[in-house]
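The chain contents come next:
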Amino acid sequence: MTETNDTELKLYDQLMVVKKCSNALKDIYLNIPEEDRYASALAIIGERLDQEIDSLKVLTLTSYREASS
């Protein structure tokens, strides 16, 4: 049996998670009154985006290493 390489699918799924986080940030930002737009909700979502981007980096590097082998 051949081993399935699902790295590309994982990469796409992770990108969609980052996109959802990004859209959530935009939605929250636009719904916060202008004088309060730098509220803590933005910091929380920003941290989540950072975590998802770090996960994406790991998947990307793994994919690259596998392709290089």
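Before reading on, note that the structure itself is shown above.
Notes on the structure in this doc start here. For clarity, every value in this text was computed on a predicted model and none was experimentally measured.

Taking 1.5 Å of rise per residue, 25 residues should cover 36 Å, and helix α1 (residues 7-31) covers 36 Å from first to last C-alpha, within 8% of that figure. Looking only at α1, the buried set comprises Thr-7, Leu-11, Gln-14, Val-18 and Cys-21.

Turning to the pattern of salt bridges, a few remarks are in order. If you walk through the whole model with that rule in mind, you get two salt bridges. Here Arg-48 ties to Glu-52 by a salt bridge, and the two come within 3.1 Å at their closest N and O atoms. Of the two residues, Arg-48 and Glu-52 both sit in helix α2 (residues 40-68), four residues apart, roughly one turn of that helix. Overall, Glu-52 belongs to the buried group, its relative accessible area being 11%.

Taken together, the side chains of Tyr-12, Leu-15 and Met-16 define a hydrophobic patch exposed on the protein surface, amounting to about 280 Å² of accessible area. Mapped onto the elements, Leu-15 comes out in helix α1.

The rules behind these values
- Residues numbered from 1 in each chain as written.
- Predicted model: local features only at pLDDT ≥ 70, side-chain atom pairs only at ≥ 80, totals over all residues.
- Heavy atoms only, no water.
- Helix = DSSP H or I, 4+ residues; strand = E, 2+ residues; numbered from the N terminus.
- Expected span 1.5 Å × (residues − 1).
- Buried < 20%, exposed > 50% of the residue type's maximum accessible area, 1.4 Å probe, protein only.
- Salt bridge = Lys/Arg side-chain N within 4 Å of Asp/Glu carboxyl O.
- Patch = residues over 30% accessible without salt bridge, like charges linked within 9 Å, V, L, I, M, F, W, Y side chains within 5 Å.
- Areas by Shrake-Rupley, 256 points an atom, 1.4 Å probe, with all protein chains shown as cover.

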